[in-house]
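# A look at the structure
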Amino acid sequence: MVSTGVPSLDHILGDDGYPDRSSVLVVGPPGIGKEVLGYWFVRSGLIQGDYCLYTTHRPVSDILRDMKGVGISTERVPEWISSSGSPIKCDLKDATSISFNVKEAVHKNMNRRVRVATDILSPLLVLNPLESMYSYWSQLLADLKRQDTVLFALAEDGMHPQNTLTTMEQLFDGVIEMKLYEDGLAITPLFRVKKMVGLPPLHGYFRFSVSSTGMEVVPHGR
Amino acid sequence: MAVDYLIIFSASAVLFSSVIVVFACYRAIEFGHVLVGSIYKRRANWAAIFLASTMFLTLDGTGSVPYLSWDNAYLGFWVITVTLPLFINSSVRAAQETDFFHRDTLHWRILGRVITVIAICSVILSVVVGITAPGGFAATLENSGASSSWWVPVGLGLFFLVLIVVSIYGSASLIVAARRTQDRAIRRFVLMLGLSLVGLVFFLTVWLPIDDVAPGVGDAISYLGFIIEAYYLYKAVMSLSPLGKMEKLEGTSGAAGLQVT
């Protein structure tokens, strides 16, 4: 099992975190904190000596600024494939090269556990037909699972038709949904584990909060 | 008696729209509290500040409504001149963030900062003009900026020119940025802001033709524009992030008893 980097989330997922050789999709609207889960996932991997790769359509400087903003040390950083600030560029118009670069970076680290975090799913879905993206991600995930790799992907809610996200969710071993809910007069950020391979269905909703000391997840209603 | 009814109607409209804006302001603060992304958090916080300044301008400018007039119409304009570009800046930045190619919208990254500085300078200029004008600040306000000294109307004219430029350039940047993003929430947010602007234009213009025919009636009707403006500002705030609604399932409780509708 691979720690999520958030102890309370590890506890929810059976005390161990994400399953080995799995792919996890986190779906939520912009700004809700999906990326923070990814940052902690990568941070946890760096501490444990895993090879970590962050593939992003954003500049590296933006990610580092965000990491610092949520109290994550940037002394150790992952390898980057990004739009700017990294030796390997992430060109959203060339999905094949992104896939090739990710697989090559992973294959170079065959003897280590690998963690891949990425936010390119949504832009690629916007720029390409669903059918081609379905086979693209299907192939990429299958290739990565041949090694000891856990892939953590983010998808933007509100940017795709619902059937598009539902279709893509089928490819992943785990799906976590993050959203804001009206709770009387208050607005509450909650997430739910829609599915996670190896775990019985988790019907509950969990409240999460992000501070400079970390991320906290507690069952909603307690 | 008819005039009394009109005043009551106007006062009710202002109070009703104020309640909407206060609630929208509360919602914006809530969004700012729960959102994690710094750009989105900042947009929500600036929305709350902008709403507060909008209400301030509304109450400040409603000279015909008893007990609400503070006889200082410029104060509201000063506040909104500073908060408007900052609010637009935060909204454009959020829209740019959701554009996967991170394109600069009408050179906003540089010009947005320039225009904010100009707006702040224009406020300082108009304060200086008001204070140093012959007869002092109070006389300048009473004469609506008219003065025998040429630099008084020029200074105050420049202030309103900056406000107009900020509004037009900011709106254009926001529309272009929203068209470039795939995020439906941001597009809806901009649409709602546009509709609230329609309400504001209604308020500013509708009284002109009607008041010629029926004095006082146009003024009262124009306050409907306030309600339209406030309503759509509230809708804009509710578009800061999509919301789900929770319901408890029968026979269940706590963490496992929730269903999304």
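Please read these numbers as outputs of a predicted model, since none were measured by experiment.

## With respect to the pairing of strand 1 (residues 23-28) of chain A
Residues and elements named next belong to chain A. Burial of strand 1 is extensive: 6 of the 6 residues sit out of reach of the surface. Burial of the side chains of strand 1 extends over both faces: S23, L25 and V27 are buried on one face and V24, V26 and G28 on the other. Pairing between strand 1 and strand 6 (residues 149-156): 6 bridges, direction parallel. Counted as the bridge partner of G28 is E156 from strand 6.

## A few points about the interface of chain A and chain B
Listed by partner, the interface residues are 38 residues for chain A and 32 residues for chain B. The interface formed by chain A and chain B contains 2 salt bridges. Residue R58(A) pairs with E97(B) through a salt bridge whose shortest N-O separation is 3.2 Å. Per element, the largest residue contribution to the side of chain A that touches chain B is 5 residues, and it comes from strand 7 (residues 174-183) of chain A. Its residues placed into classes, the side of chain A that touches chain B shows 21 nonpolar, 10 polar and 7 charged.

## Examining the pairing of strand 10 (residues 214-219) of chain A
All names here are of chain A. The sheet contact formed by strand 9 (residues 206-211) and strand 10 spans 6 bridges and is antiparallel. Looking across to strand 10, one finds that V210 is bridged to M215. Between strand 9 and the antiparallel strand that follows it, strand 10, lie 2 residues.

## So, the pattern of salt bridges
All names here are of chain A. Taken as a whole, this structure holds 15 salt bridges over all chains when the rule is applied. Ionic pairing is found between R113 and D148, a salt bridge with its closest N-O pair at 3.9 Å. Of this pair, R113 sits in the loop between helix 4 (95-107) and strand 5 (114-118) while D148 is found in the loop between helix 6 (130-145) and strand 6, placing the two residues 35 residues apart along the sequence. Under the relative-accessibility criterion, R113 is labelled partly exposed at 23%.

Analysis parameters
- Residues numbered from 1 in each chain as written.
- Chains lettered and ligands numbered in written order.
- Predicted model: local features only at pLDDT ≥ 70, side-chain atom pairs only at ≥ 80, totals over all residues.
- Heavy atoms only, no water.
- Buried < 20%, exposed > 50% of the residue type's maximum accessible area, 1.4 Å probe, protein only.
- Helix = DSSP H or I, 4+ residues; strand = E, 2+ residues; numbered from the N terminus.
- Pairing = 2+ DSSP bridges.
- Contact = heavy atoms within 4.5 Å.
- Salt bridge = Lys/Arg side-chain N within 4 Å of Asp/Glu carboxyl O.
- Nonpolar A, V, L, I, M, F, W, Y, C, P; charged D, E, K, R; others polar.

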